[in-house]
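So the chains spell out like this:
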Amino acid sequence: MDHPAHAPPAGAPIQSDGLTRRFGSTVALHPLDLTVGLPERGSIVGLLGPNGSGKSTFMRLLVGLVRPDAGKARVDGVQLSGDGTAVRRRTTYAPGELHMYSEMRASEHLAWLLRGRDPGALARATEAALEFGLPLDQRVRGYSHGMKRQLIFAAAIAPKVRVRILDEPTEGLDPSIRSTILDRLERDAQDGTTVLLSSHHLPEVGRSCERLVFMNEGKLLADTTAEEVARRSARVLRLGWDAGVDVSKMEARLREAGVEVRSADDNGVSVQLDAPDPRPFLGQLASMSEWPAPNRIEHGSLSMAELYRELYGVEGC
Amino acid sequence: MGREFKSVVWRSLGFAVILETMIAAAIIWWPSFAENIGTIKSLASPIPMLRDMVSSLEAGGIAAYVTGQHYFKACNTLGAAAAVLFAVGAVAGEVHRGTLELWLARPVSRVRLLTERYLFGIAAVALPVFATSASIPWLLSTVDETMQMSDLMRCSLHASLFLMAIYSLTFLWSAMGTQPTRIAMAVLFLAIFQFAIYMVKTITHYSLFRLVDIETFVEITSKNQLNWSIVGGLIAVNLVCYGAALFAFQRRVP
């Protein structure tokens, strides 16, 4: 993908300096200092968090859809001001909420979405949509949720910009299409684009994003890498037993045996391993013959909820 | 832009066809009306406001009849409904269908988005009034009557400004609200209430429809000039409502 004629600005493509927003008495985003992307090359940064964690509010603030109560932001070298039109000219934004003009044909909708973009954007978006196999002469009312999502993505990927802000671009898509979209974003990043994407799918952001930003309750929880998350996930082992087994007793016995229990609930117990390899611990567990054997052992692949609970001690993801 | 334009074309075409049908039927019926004015007056006598209206038509001749039929009756009733329907979805409609974020996410300023929508809506309300008024001289020639085109255009401007004020008020409400149906019902209720007041002789002077009644239009045609105090007031209302809508829209959160 070519980029706009203007020279790339110095500094990170996205800089948030104390951006803050409250809705009534609720603080949707506490003062957030964050830089996203690298000035010298493209990259994909994942923004993760449960519903209501402030991801979408942050993204909307960045493109001027919501005005900040305090703080400043720069996107591709442009200071966010007024209604953010100057920023939106230098970025593409795909909303997470998927509502479209159902009476329009998909081809018309693409043209409508790309108003104000470079002259070749519509042709590139059309090409992308056709690659997805979308019937562009059909009215959008006949589109499924996934097809609408792909149409929005085709419009978001087409313009020549250096920054793309995508709110859950793969939500509701089947794995193969999710993979296609991530491939496309990876190529885009290799061509020098900075992509900030939010997602609930940890494996996919782990695959594509070199940096992961975790948010919760409008605050930055962690700013880390996929490798670091994987490394930490590998030291967490989750054990589950049959319904008849008293998990609280199991938890107590594990603690007595000197095992660090990170969390426990009706479904099982999570323990912290000393090393990424779970075999020594499992061997130790097997040697305790008087214990009921666990019927579920999960290692190294945490869901978003588990990740939040196990690594950051946050419930309700 | 294309979507807005298409929408305006269809809306104003529909509004114009209805207005034209009504004025054509009224003019064709004029000889019969003129012949039976005495009977109509006696039928209207139990309702003082109606009786006064018929008296105005009798005294004003064809000019009063045409302005009464076209501007007072058709434009005020259908036009008010059209103005409300055209304006109510401007922003609240986007909120209601969930497309506000998509509409705002493009690299187009909010001032431009709202101004385009406002002006297209204004055009959809006003153009049919002017276009159908332009056909009146030809329609009148079929019943051997005449009216000055310049008088008709002045009346069209006056009537349009009143409809634009209703449009602008609804537009402002739409820029602040989320429920288009409720907004439409509220504005239409206010309009009907104002018209009801107009029909009650003792309180008629409280009605906004006094600004656009037969006497007002007859005065415009007889003096060959606009009533600038009313026109100025209506322009001010439009500008204030548009400015307030813009202010509200700038702060709107999708």
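Residues numbered from 1 in each chain as written. Chains lettered and ligands numbered in written order. Predicted model: local features only at pLDDT ≥ 70, side-chain atom pairs only at ≥ 80, totals over all residues.

A. Molecular detail of the interface of chain B and chain A. Chain B puts 17 residues into the contact, and the matching count from chain A is 19 residues. At 3 residues, helix 6 (residues 100–104) of chain B tops the list of elements feeding residues into the side of chain B that touches chain A. Classifying every residue of the side of chain B that touches chain A gives 7 nonpolar, 4 polar and 6 charged. (Contact = placed C-beta atoms within 7 Å. Helix = DSSP H or I, 4+ residues; strand = E, 2+ residues; numbered from the N terminus. Nonpolar A, V, L, I, M, F, W, Y, C, P; charged D, E, K, R; others polar.)

B. Region of the structure containing the packing of helix 7 (residues 110–134) of chain B against helix 9 (residues 149–176) of chain B. Residue and element names in this part refer to chain B. Helix 9 packs onto helix 7 with a crossing angle of 150° between their chain directions and a minimal axis gap of 9 Å. Of the possible angle classes, the one that applies to helix 7 and helix 9 is roughly antiparallel. Classified by chirality, the crossing of helix 9 by helix 7 is right-handed. Residue-level inspection shows Tyr118, Gly121, Ile122, Val125, Ala126, Val129, Phe130 and Ser133 of helix 7 in contact with helix 9, the latter providing Leu152, Met153, Cys155, Ser156, Ala159, Ser160, Leu163, Met164, Tyr167 and Phe171. Partitioning the contact of helix 7 with helix 9 into residue classes produces 14 nonpolar, 4 polar and no charged. (Axes fitted to C-alpha atoms, helices over the stretch in contact; angles between N-to-C directions. Parallel < 35°, antiparallel > 145°, perpendicular 65-115°, else oblique. Left-handed = near helix turned anticlockwise from the far one by under 90°.)

C. Geometry of the domain arrangement of chain A. Domain boundaries in chain A define domain 1 (14–230) and domain 2 (235–299). Put simply, the middle of domain 1 of chain A and the middle of domain 2 of chain A, counted by C-alpha atoms, are 40 Å apart. (Domains from an automatic or database assignment.)

D. Region of interest: the packing of helix 4 (residues 48–88) of chain B against helix 10 (residues 180–198) of chain B. Residue and element names in this part refer to chain B. Look at helix 4 against helix 10: their axes get within 10 Å of each other, and the N-to-C directions meet at 155°. Our classification of the angle between helix 4 and helix 10 gives roughly antiparallel. Two packed elements cross with a definite hand, and for helix 4 against helix 10 that hand is right-handed. Note on element contacts: helix 10 touches helix 4 through Pro180, Ile183, Ala184, Val187, Leu188 and Ala191, opposite Ala80, Ala81, Val84, Leu85 and Val88. Its residues placed into classes, the contact of helix 4 with helix 10 shows 11 nonpolar, no polar and no charged.

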